[in-house]
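Now for the letters of each chain:
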Amino acid sequence: MNAQRLRPMALAGAALALATAASAASLQVTVLARDGQPLADAVVSVEMPGMALPATPAPVTVTIDQQAMRFVPALTVVPVGSRIRFSNLDSWEHHVRAIPPDTGNSAAPGEARRGFELRLPGRAAHQAAPHAEGVVDSPGPWRLGCHLHGSMRGHVWVSTTPWVGKTDRAGVAQIPDLPEGNAVLRVWHPEQVVETTPQALTLSGSATTRLATAIQPRRR
Ligand SMILES: [Cu+2]
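Overview of the structure. (Residues numbered from 1 in each chain as written. Predicted model: local features only at pLDDT ≥ 70, side-chain atom pairs only at ≥ 80, totals over all residues. Heavy atoms only, no water.)

Protein ligation of the copper ion involves H94 (ND1), C146 (SG), H149 (ND1) and M152 (SD), the donor distances falling in the range 2.0 to 2.7 Å. Bound by four donor atoms, the copper ion shows angles of 89 to 140 degrees at the metal and therefore irregular coordination geometry. Mapping the donors of the copper ion onto the primary sequence gives the spacing H-x51-C-x2-H-x2-M. The class of H149 is buried, set by a relative accessible area of 17%. (Donors = N, O, S within 2.8 Å, 3.2 Å for Na, K, Ca; no water. Tetrahedral: all angles 85-135°; square planar, octahedral: opposite > 155°, others 65-115°. Buried < 20%, exposed > 50% of the residue type's maximum accessible area, 1.4 Å probe, protein only.)

And the structure:
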């Protein structure tokens, strides 16, 4: 046996095994509302107790439109530190107040307000949509509002891990590149009244699960 010649191969084998363990599972979650119907725009995040935390994904730049008195999409999921570009497609003026998690509605006089505020003029005919940007620098659910139109509501879910997904119209979130092992799923929804009980499951290969909640979104 020649240990000198075997060592590089053994190292390569170990590295391959680590890479495989780091992304051996994927998860498809179907989230249900209280009435059993699919729950869209829910955030599903995965925690792996006892597992090393994954690297925080690089920040991205995403666009949220202000269109027909709505934030579109109503819910956006991004890594922490990402830049949000607001674009006003309406012909009238809009405003953006982006409020980080754990911020009350009433700041004490003189207290610096966290988050950011923007003002966007209406879009002129045949002109590009006016836009303005802000950075979401703390994790969790941010609230979006417009001081000019109290009915305008939106959310940005800011994540420190890549193990997160948003449900589509069918209530389905896909989360790829997970390690195998014991996982805990958490669900958050803009209209939740109480926190949904986390669901434990064991991830292996292409896992699928259903998660029933007590969340009942109002009709839009
Ligand atoms: Cu507005």
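The rest of the description comes next.
Quick look at the sheet that holds strand β3 (residues 61-67) now. Spatial ordering of the open sheet is given by β4-β3-β6-β9, a layout of four strands whose pairing is mixed. Of all strands in the sheet, those bounded by a partner on one side alone are β4 (70-72) and β9 (131-136). Ignoring which end each strand starts from, the neighbouring axes of this sheet average 25 degrees apart. In terms of strand pairing, strand β6 (residues 82-88) meets β9 through six bridges, oriented antiparallel. Paired with F86 across the two strands is A132, which belongs to β9. (Pairing = 2+ DSSP bridges. Helix = DSSP H or I, 4+ residues; strand = E, 2+ residues; numbered from the N terminus. Axes fitted to C-alpha atoms, helices over the stretch in contact; angles between N-to-C directions.)

Attention shifts here to the pairing of β3. In this structure, β3 lies alongside β6, joined through six bridges in parallel fashion. The residue of β6 that forms the bridge with I64 is F86. Examined bridge by bridge, β3 and β4 share three bridges and lie antiparallel to one another. Across the sheet, residue Q67 finds its bridge partner in β4, namely R70. Where β3 folds back on β4, the antiparallel hairpin that results is connected by two residues, among which A68 adopts a positive phi of roughly 50 degrees.

Turning our attention to the nonpolar core. Nonpolar side chains in soluble globular proteins generally cluster together in the buried interior. Judged by nonpolar contacts, the single largest core of 22 residues is most densely connected at L27, V46, L178 and L203. No other element matches the four residues that strand β1 (residues 25-32) contributes to this core. When near neighbours in sequence (up to four residues on either side) are disregarded, L27 contacts V46, A173, Q174, I175, L178, L185, L201, L203, A207 and T209. If you look at the next biggest cluster of nonpolar residues, it comprises 19 residues, including V78, V80, I84 and F86. (Core = buried A, V, L, I, M, F, W, Y, C linked by side-chain atoms within 4.5 Å. Contact = heavy atoms within 4.5 Å.)

Glancing now at the packing of aromatic side chains. Considering all chains together, one arrives at four aromatic pairs under this definition. A centroid spacing of 6.2 Å and a plane angle of 75 degrees characterise the contact between F71 and F86, whose relative ring orientation is edge-to-face. With F71 in strand β4 and F86 in strand β6, the pair connects residues that are 15 residues apart, well separated along the chain. On the basis of relative accessibility, which here comes to 0%, the residue F86 falls in the buried class. Ring centres of F116 and W142 lie 6.1 Å apart, and the angle between their planes is 40 degrees; this geometry places the pair in the tilted category. Of this pair, F116 sits in strand β8 (residues 116-120) while W142 sits in strand β10 (residues 140-145); the two residues are 26 residues apart in sequence, bridging distant segments of the chain. (Phe/Tyr/Trp six-rings, centres within 6.5 Å; stacked < 30°, edge-to-face > 60°.)

What the five strands build is an open sheet, ordered β5-β11-β10-β7-β8; its pairing is mixed. Of all strands in the sheet, those with a lone pairing partner are β5 (75-79) and β8, marking the two edges. Here the average twist between neighbouring strands, direction ignored, is 20 degrees. Bridge count between strand β7 (residues 94-99) and β10: three bridges; the pairing is antiparallel. Bridge pairing in β10 places R97 opposite G145.

A word on the environment of W92. Turning to its location among the elements, W92 is positioned in the loop between β6 and β7. Under the relative-accessibility criterion, W92 is labelled partly exposed at 35%. It is 8.8 Å that separates the C-alpha atoms of W92 and L120, two residues lying 28 residues apart in sequence. Leave out the neighbours within four places in its chain, and W92 touches M69, P121, G122 and H149.

The next thing to look at is the pattern of salt bridges. The full count for this structure, using the stated rule, is six salt bridges. Here R218 ties to E191 by a salt bridge, and the two come within 2.7 Å at their closest N and O atoms. You can see R218 sitting in the segment after β16 (206-212) and its partner E191 sitting in the loop between β14 (181-188) and β15 (199-203), a full 27 residues away along the chain. Overall, R218 belongs to the exposed group, its relative accessible area being 55%. Put simply, R83, R85 and E133 are held in one network by salt bridges that share partners. (Salt bridge = Lys/Arg side-chain N within 4 Å of Asp/Glu carboxyl O.)

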